[in-house]
Amino acid sequence: MDGLALLCNLFADGPLTLRRLRGAGVRRLAELEHIEPARLSEWLHASPAQARDFTEEARRLSRRIGDEPPPQAGSASARAHEPSAIALPEPPLAPPGEPIREVPRPTAAAREERAPEPSSAPLRAGLLPGLDAAAVASMTGYNVRTVQALAESAGLSLSRRTGIPYSSLLGLAREARRFALEHAVPAPPPAPIERVVVSATPDARTDEFTLPPEDPGSAGPFG
Amino acid sequence: MKTLALVNQKGGCGKTTTAVNLAGALAARGERVLVVDLDPQAHATMALSVAVERDERSLSDVLLRGTSLRETLRAAPGGIVLAPSTLELAEFEEAAGRTLNPERVLAQALQELATDFDFALLDCPPRADGVLTANALRACDLLVLVVEMGAFALQGAFKALPIFEELAEDMDKRFELHVVGTMFDRKAELARELLIGTQARFGARLFDTVVHQSSRLREAAASGVPVQVLDPFCRAARDFEALAEEVCALRSDPALALSYTH
């Protein structure tokens, strides 16, 4: 198992994602850092947000394990990698309800300075096929107010909270991504960031990556 | 025929589950697969819903009384052929003391089936230093160390390795070692850390495929069928499909093919 396979097992579904990446010509973990999230998202059949998260995990794992060819068992390099797995330094998952990770978000001031993007258009009934007033009201209650937010937030946890069927939510997210691509404008320069603590349970962390099981051939990488 | 022995010093790490479901996945690919249940607890036999009646032959007849292995073979679900086990197999440990070269019996018995099957999977008992496991080591081309991604599993695997190396040295035999991770729960921090540690230790010898924890596997075992029969589209079936693909790829690996001769 090389670093790429390890990444796919740790942060995606394993074999299917690995096959897709290798099919696209990716051979090493470090290569993922240089791939556009949009292209990665296309390869993995995942949302751009998931692709960005995946790239970030790839970057971290690459730093941690070193992106070298896998050592042979019993070799000197393998023995050098032999410290107790349990002792490896990573904070444990927080219990449910506790803050578990920090996500960089633009500051309010930076958000105001940014040029308005069509993908940040507020959600309204009829804007996307299948988007009705009830769905808009449900999602607004959970801070999903724009097309972009819908494209990035659709997942099992949002489905559970809003009561919108999971498959319908994925369909809406697909339409939102399509809408965002059709109305895309060049990205503004990176904004200064503040650290915002996002509360999430361990389940929520993985549920976000879960795609419908009924069609494994077209399921996303995190199914 | 390529022979894989699924081993670990520890019980409950998924050896039988891996043997049965890997066999199911290989059979689903059109390979001719034999499962040899070398465990006196006969879990693989039960997991393939085979019952051995009093007048029927089993692996203990082969090892204790020199019966032909072909006479014991039973058709099992999923297109698998099984050499079943019974509790009587435990007597072989004691009888081995009175037998010349007891660790060679299975290898000789398998020879008559060499052209009848593409793969033989040997499901070993949870004891690395017993004569049954020694038979598996003698007969196998590829040693597959099954490592559960849970507490103490990796340490158990490290402890088993010297025993296998010593046995191989005693037998003057070279075999390839590969490792498969089982019962992986991606949500569990410990499991993720163990996988990283296992990859660091075994590198290319660790299969790319990790078998995830799955209720479907438990249901399949309870139903007496491989998971491919129970639910061919579930996560566990896909895991074993990917593992079978890797095993088949190893067969065509020239480096490994060299080590198959012994």
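Residues numbered from 1 in each chain as written. Chains lettered and ligands numbered in written order. Predicted model: local features only at pLDDT ≥ 70, side-chain atom pairs only at ≥ 80, totals over all residues.

**Regarding the overall build of chain B**
Argument step 1. If you tally the helices and strands in chain B, you get 12 helices and 8 strands.
Argument step 2. Looking at chain B residue by residue over its 262 residues, the buried ones come to 56%.
Argument step 3. Taking the contacts inside chain B whose residues are at least 6 apart along the sequence as the reference set, 79% of them involve residues at least 24 apart. (Helix = DSSP H or I, 4+ residues; strand = E, 2+ residues; numbered from the N terminus. Buried ≥ 20, exposed ≤ 12 C-beta atoms within 10 Å, placed from the backbone. Contact = placed C-beta atoms within 7 Å.)

**Side note on the overall build of chain A**
Argument step 1. Along chain A, the regular secondary structure elements total 11 helices and 2 strands.
Argument step 2. Going from the N terminus to the C terminus, chain A shows its helices and strands as α-α-α-α-α-β-α-α-α-α-α-β-α.
Argument step 3. Considering chain A as a whole, with its 223 residues, one finds that 31% of them fall into the buried category.
Argument step 4. Put simply, of all contacts in chain A between residues at least 6 apart along the chain, 64% involve residues at least 24 apart.

**Section: unusual backbone geometry**
Residue and element names in this part refer to chain B.
Argument step 1. The phi dihedral of serine 49 falls on the positive side, at around 45 degrees, and the residue is not glycine.
Argument step 2. Mapped onto the fold, serine 49 is located in the loop between helix H2 (43–47) and helix H3 (59–65).
Argument step 3. Its 13 C-beta neighbours within 10 Å are what place serine 49 among the partly exposed residues.
Argument step 4. Positioned with a positive phi, methionine 183 is a non-glycine residue whose angle comes to about 55 degrees.

**So, the pairing of strand E5 (residues 119–123) of chain B**
Residue and element names in this part refer to chain B.
Argument step 1. E5 sits mainly inside the fold: 5 of its 5 residues count as buried.
Argument step 2. Because side chains alternate across E5, one face comprises the buried residues Phe119, Leu121 and Asp123, and the other comprises Ala120 and Leu122, equally buried.
Argument step 3. Looking at chain direction, strand E1 (residues 2–7) and E5 are connected through 5 bridges and run parallel. Counted as the bridge partner of threonine 3 is alanine 120 from E5.
Argument step 4. In this structure, strand E2 (residues 33–37) lies alongside E5, joined through 5 bridges in parallel fashion. Counted as the bridge partner of leucine 34 is alanine 120 from E5. (Pairing = 2+ DSSP bridges.)

**Structural notes on the environment of B:Arg205**
Argument step 1. Mapped onto the fold, B:Arg205 is located in the loop between helix H8 (189–202) and strand E8 (206–212).
Argument step 2. With 29 residues separating them along the chain, B:Arg205 and B:Glu176 place their C-alpha atoms 8.9 Å apart.

**Observations regarding the nonpolar core**
Side chains that are nonpolar tend, in soluble globular proteins, to be buried together.
Argument step 1. Counting residues in each nonpolar core, the largest one holds 110 residues, and the members touching the most others are B:Ala5, B:Val35, B:Leu121, B:Leu122 and B:Ala136.
Argument step 2. Look past the residues within four positions of B:Ala5 in its chain and what remains in contact with it is B:Leu122, B:Cys124, B:Ala136, B:Leu137, B:Cys140, B:Leu143 and B:Val144.
Argument step 3. The next biggest cluster of nonpolar side chains, apart from the first, holds 19 residues, and it includes A:Val136, A:Ala154, A:Leu172 and A:Ala176. (Core = buried A, V, L, I, M, F, W, Y, C linked by C-beta atoms within 7 Å.)

**Some details on helix H7 (residues 133–140) of chain A**
Residue and element names in this part refer to chain A.
Argument step 1. Of the residues making up H7, those classed as buried are Ala135, Val136 and Met139. Summarising the axial view, the buried residues of H7 lie within an arc of 100 degrees, below the 170-degree limit, and thus occupy one face. For H7, exposure combined with an orientation more than 90 degrees from the buried face picks out Ala133, Ala134 and Ala137.
Argument step 2. Buried residues along H7 sit in contact with helix H8 (147–153) and helix H9 (156–162). (Arc of directions from axis to C-beta.)

**Remarks on the pairing of E1(B)**
Residue and element names in this part refer to chain B.
Argument step 1. Among the 6 residues that make up E1, 5 are buried, leaving the element largely enclosed by the rest of the structure.
Argument step 2. Taken together, the 4 bridges between E1 and strand E6 (residues 142–148) define a ladder with parallel strand orientation. Looking at E6, one finds that leucine 4 is bridged to leucine 142.

**A short note on the packing of helix H1 (residues 3–11) of chain A against H8(B)**
Argument step 1. Two elements in contact, H1(A) and H8(B), have axes separated by 10 Å at closest approach and are oriented at 170 degrees. Taken together, H1(A) and H8(B) sit at an angle that is classed as roughly antiparallel. Judged by residue contacts, A:Leu6, A:Asn9 and A:Leu10 of H1(A) engage B:Arg192, B:Leu195, B:Ile196 and B:Gln199 from H8(B). (Axes fitted to C-alpha atoms, helices over the stretch in contact; angles between N-to-C directions. Parallel < 35°, antiparallel > 145°, perpendicular 65-115°, else oblique.)

**Structural notes on the confidence of the model for chain B**
All names here are of chain B.
Argument step 1. With 96% of its residues at a pLDDT of at least 70, chain B reaches an overall mean of 87.
Argument step 2. Confidence, read as mean pLDDT per element, is least for helix H12 (residues 254–259) in chain B (49) and greatest for E2 (96).
Argument step 3. Contacts of residues 257–262 to residues separated by more than four positions or lying in other chains number 7 contacts, the stretch itself having pLDDT below 50.
Argument step 4. Confidence estimates for the predicted assembly give a pTM of 0.66 and an ipTM of 0.82. (pLDDT = per-residue confidence, 0-100.)

**Some words on the sheet that holds E5(B)**
Residue and element names in this part refer to chain B.
Argument step 1. Spatial strand order, E3-E4-E2-E5-E1-E6-E7-E8: 8 strands in an open sheet with mixed pairing. In this open sheet, the two edge strands, each paired with only one partner strand, are strand E3 (74–76) and E8. Between one strand axis and the next, the sheet turns through 25 degrees on average, direction left out of account.
Argument step 2. Of the strand pairs in this sheet, strand E7 (residues 176–184) and E8 are connected by 3 bridges, and their pairing is parallel. In the strand pairing of E8, valine 179 is matched with leucine 206.

**Focus: helix H3 (residues 37–44) of chain A**
All names here are of chain A.
Argument step 1. Every buried residue belonging to H3 is among Leu40, Ser41 and Leu44, and all of these are buried. For H3, the angular spread of the buried residues around the axis is 100 degrees, confining them to a single face.
Argument step 2. Buried positions along H3 lie against helix H2 (15–23) and helix H4 (48–65).
Argument step 3. Histidine 45 sits one or two positions beyond H3 and adopts a positive phi of about 55 degrees.

**Quick notes on the packing of H1(A) against H4(A)**
All names here are of chain A.
Argument step 1. Contact geometry for H1 and H4: axes closest at 10 Å, N-to-C directions at 130 degrees. Put simply, H1 runs oblique to H4. H4 is crossed by H1, and the crossing has right-handed handedness. Taken together, the residues of H4 that come into contact with H1 (itself represented by Gly3, Leu6, Leu7 and Phe11) are Phe54, Glu57, Ala58, Leu61, Ser62 and Ile65.
Argument step 2. The residue inventory of the contact of H1 with H4, partitioned by class, reads 7 nonpolar, 2 polar and 1 charged. (Left-handed = near helix turned anticlockwise from the far one by under 90°. Nonpolar A, V, L, I, M, F, W, Y, C, P; charged D, E, K, R; others polar.)

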